[in-house]
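So you can see what is in the structure, the chains are spelled out below.
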Amino acid sequence: MDAPRRSLLKWLGAGALALGGWCWGLLPESVRAAINDRFPTRTVDDDVFRFDARAGEVVWPGNRREPYVLRLDGLLESPRDMTWDELRALPRVERIVDFHCVEGWSVQDVPWGGVDFKSLFDGVRPLPTATHVVFHSLGKTKYPPEGTDHYIESFPIAELLRPDLGYMLALELEGQPLPHERGAPARVVCPFDLAYKSIKFVTRVEFTDRSVPGWWTRANPIYPVRAPVPASRLRVRDPRRS
């Protein structure tokens, strides 16, 4: 396919996403749930696995199953592997926040449930050199920019722990376990960052001494590592802005 045609298809796809997102925010909860079941969201990940929330298992092709584990490692005194039950046993938090896509559309008042990062990080004891966290996604992506074969995103630890920024690891949407197309078993919710930072299918939390460009930034260099939502799109002021 030649470059002009690829560009045209990219812009047509962006327009379709923008229209779809606007319409999505207008639908009642029951209708959105039905649409979730019938029209999965497109993703850059190879769509070859599912998550069984009742069993706490990742289901691969051929019905091969393995227990879901959230690994916390890297620059830690006490690395830890958490089972699904252990993760769900952490203090539960709820947030109703807006979701802002990089394409220019937003969905208002999305009700997430899950855990905050203070609770998640308790007990692992980051080393003094740890300044950032890199989240890693389950599975592989359809192509590997700069050799990165799965989705990743990084955040400053200090920001993840700020209560006023509202970061959380979501396990639920609208009171139910996350559906696959929304990132089951777990995804990062970042109310004041563009949605390409909101990594889905999280399976590893790596503590590092530096910021790491995420998959989306590596694949699309025009999008920076830090991705605050423009102030004009926010209904609540970003606390990081003076």
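Going by the structure above, here's the rest.
What counts and what doesn't
- Residues numbered from 1 in each chain as written.
- Predicted model: local features only at pLDDT ≥ 70, side-chain atom pairs only at ≥ 80, totals over all residues.
- Heavy atoms only, no water.
- Salt bridge = Lys/Arg side-chain N within 4 Å of Asp/Glu carboxyl O.
- Helix = DSSP H or I, 4+ residues; strand = E, 2+ residues; numbered from the N terminus.
- Buried < 20%, exposed > 50% of the residue type's maximum accessible area, 1.4 Å probe, protein only.
- Pairing = 2+ DSSP bridges.
- Axes fitted to C-alpha atoms, helices over the stretch in contact; angles between N-to-C directions.

1. Things to note about the pattern of salt bridges
Thinking step 1. In the structure shown here, the tally under the stated rule is 22 salt bridges.
Thinking step 2. For R65, the salt bridge is made with D52, and the minimal N-O distance between the two is 3.0 Å. Of this pair, R65 sits in strand β3 (residues 64–67) while D52 sits in strand β1 (residues 50–52), and the two are 13 residues apart along the sequence.
Thinking step 3. On the accessibility criterion, R65 (39% relative accessible area) is partly exposed.
Thinking step 4. A salt bridge links D122 to K118; the shortest N-O distance between them is 3.9 Å.
Thinking step 5. In the salt-bridge network here, residues are joined through shared partners; they are E159, D193, R226, D238, R240 and R241.

2. So, the sheet that holds strand β5 (residues 80–83)
Thinking step 1. Pairing is mixed across the open sheet formed by five strands, whose spatial order is β5-β4-β13-β8-β9. Whereas interior strands pair on both sides, the edge strands pair on one side only; in this sheet they are β5 and β9 (152–156). Averaged over neighbouring strand pairs, the angle between their axes works out to 20 degrees when direction is ignored.
Thinking step 2. Pairing between strand β8 (residues 132–137) and strand β13 (residues 202–208): six bridges, direction antiparallel. The residue bridging V134 from the neighbouring strand is E206, located in β13.

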